[in-house]
2 protein chains.
Amino acid sequence: MTRDDIVAAALRVIDTDGLDALTMRRLGAELGVAAMSLYRHLSNRDAVLAAVVNHLAAEAVTDLEPGDSWSEALTRFGTVYRRMLLAHPRAVPLLATHPMDIDAGLRLMGGVLDRFAAAGLSQAEALTAVQSVAVFVLGHALAQVGTPPGTPAAPPETPEVAEYYERWFDAGLTAMVSGFAARHRR
Amino acid sequence: MTRDDIVAAALRVIDTDGLDALTMRRLGAELGVAAMSLYRHLSNRDAVLAAVVNHLAAEAVTDLEPGDSWSEALTRFGTVYRRMLLAHPRAVPLLATHPMDIDAGLRLMGGVLDRFAAAGLSQAEALTAVQSVAVFVLGHALAQVGTPPGTPAAPPETPEVAEYYERWFDAGLTAMVSGFAARHRR
DNA sequence: ACCTGAACACCGTTCAAGT
DNA sequence: ACCTGAACACCGTTCAAGT
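Predicted model only: the values in this text are computed from it and were never measured.

Q: When you look at the packing of aromatic side chains in this model, what are you seeing that I'm missing?
A: Given two aromatic rings, one states the distance between the centres and the angle between the planes to describe the pair. Residue and element names in this part refer to chain A. Per the stated rule, a full pass over the model turns up twelve aromatic pairs over all chains. Among the aromatic residues, ring-to-ring pairing joins Y164, Y165 and W168 into one connected group. In this structure, R82 packs its charged tip against the face of F169, placed 4.5 Å from the ring centre.

Quick look at the structure:
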């Protein structure tokens, strides 16, 4: 049983039964092991959650194409990040409260930051724009699927509802990206 | 002991000792009463949290001046909402996972929505813009002060750090508002 | 080295009982 | 009507003990 096995099992439990179904006893059972064995690999429950967060950050980055301009890269970043969040709705509250490692965050945003640098923008300007999009995406996902911990699984969305959120997301993301574009066009 | 007393005591506990210090036993002690007495007034712990959320929404709206244009109203809305969140940092994760009542939300956003209507914009356009700002503000506050539940109180920010977040917030909010302004200027 | 059972100090919540 | 103590079924985590 490796650390990665534990993280994978934890994510499985979260996806199927939600965040507070993830008890140490349940996680142990999922791996055919006593709960206490987990403490050999991860120091406590919080460390398990942190590992899941970083795993998800890595998952988001896999299909991120850089794009031509920084504004296109920024839009794609938001879209890919959102896709990951919607693929793991029960994990969204976890991402909201559990900051990701700095290096996991940089791996996630790295490609986009490069596009800003290539356009001659400072790293501070780049970080501001990318992180602004990131918090918008997360906040939006929370509004869409972030159910309070302890509540049963949300009923699946109707297509109409899903489309409502999709349009709202596109409008907000476009507004933010074009706002930054106007700022840097000067 | 009224329902409002309970909500006030709950917020007091959250502000001083964080979200998971808020146990039913602790809340009872805060009010000089047995934990079980609380169930006479609120059906369970989740109902206490929901009541706190709506209380905070009402708190944010108190000092919200409408502003001249809808874009100014939108900026003020974001600023006031942010001020409330920063006044209750340990409650931010709660706002993130616990959707507010529809009517509490409308009371919070109502004044701003009116400004959009006065400018001849549809309610759908208005909601998209206001809610986009709202999720940005919440997401940003999460990044700034949203510490995982169960962690000790974050050390107070240095002025430098606070200013970093302030500048980031201003840039993101401005980008979003001006992006919506450009969209509706057509 | 890796795993475990029993135990401790907590939770939220129910229920029968008190005034 | 309003409050309560004891109890139940859980938690995360520690620790001494097993292989």
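Q: Sorry if this is basic, but what is going on with the protein's contact with DNA strand C here?
A: The local shell around DNA strand C holds 16 residues, among which A34, S37 and R40 of chain A together with R25 and R45 of chain B are the closest. In DNA strand C, atoms within 4 Å of the protein come from the sugar-phosphate backbone in 50% of cases. Taking M24 of chain B, its main chain carries an N or O atom lying 3.1 Å from a phosphate oxygen of DNA strand C. A distance of 2.9 Å separates a phosphate oxygen of DNA strand C from a polar atom in the side chain of Y39 of chain B. Of the residues contributing to the surface near DNA strand C, the split by class is eight nonpolar, four polar and four charged.

Q: Looking at this model, I keep getting lost on the relation of the copies chain B and chain A. Mind explaining?
A: Relating the two copies of this chain is a rotation about some axis coupled with a shift parallel to it. After a rotation of 180° and a shift along the axis of 0.0 Å, chain B superposes on chain A with an RMSD of 0.0 Å. Overall, the copies show the geometry of a two-fold rotation axis. The fraction of interface residues of chain B whose copies in chain A are also interface residues reaches 100%, indicating that both copies meet through the same surface.

Q: Explanation requested: empty space enclosed by the protein in the structure shown.
A: If you roll a probe as big as a water molecule over the atoms, it shows you where there is empty space left. Residues and elements named next belong to chain B. A complete count under the given rule lists two cavities of 30 Å³ or more for this structure. In this structure, the second largest cavity spans a volume of roughly 30 Å³. Lining the second largest cavity are N54, A57, A58, V61, A104, R107 and L108. Counting only elements with at least two residues in the lining of the second largest cavity, the list comes to α3 (45-61) and α6 (102-118). Of the residues forming the lining of the second largest cavity, the biggest block, four residues, is contributed by α3.

Cut-offs and rules
- Residues numbered from 1 in each chain as written.
- Chains lettered and ligands numbered in written order.
- Predicted model: local features only at pLDDT ≥ 70, side-chain atom pairs only at ≥ 80, totals over all residues.
- Heavy atoms only, no water.
- Phe/Tyr/Trp six-rings, centres within 6.5 Å; stacked < 30°, edge-to-face > 60°.
- Lys NZ or Arg CZ within 6 Å of the ring centre and 35° of its normal.
- Near = heavy atom within 4 Å.
- Polar contact = N/O pair within 3.5 Å; in protein donor to acceptor, adjacent residues only side chain to side chain.
- Nonpolar A, V, L, I, M, F, W, Y, C, P; charged D, E, K, R; others polar.
- Least-squares fit on C-alpha atoms with pLDDT ≥ 70 in both.
- Contact = heavy atoms within 4.5 Å.
- 1 Å grid on protein atoms, 1.4 Å probe; cavity = no way out; pocket = protein on both sides within 12 Å on 5 of 7 lines; lining within 4 Å.
- Points joined across faces, edges and corners; volume = space filled by probe spheres on them.
- Helix = DSSP H or I, 4+ residues; strand = E, 2+ residues; numbered from the N terminus.

Nothing here speaks to function; it is all geometry.
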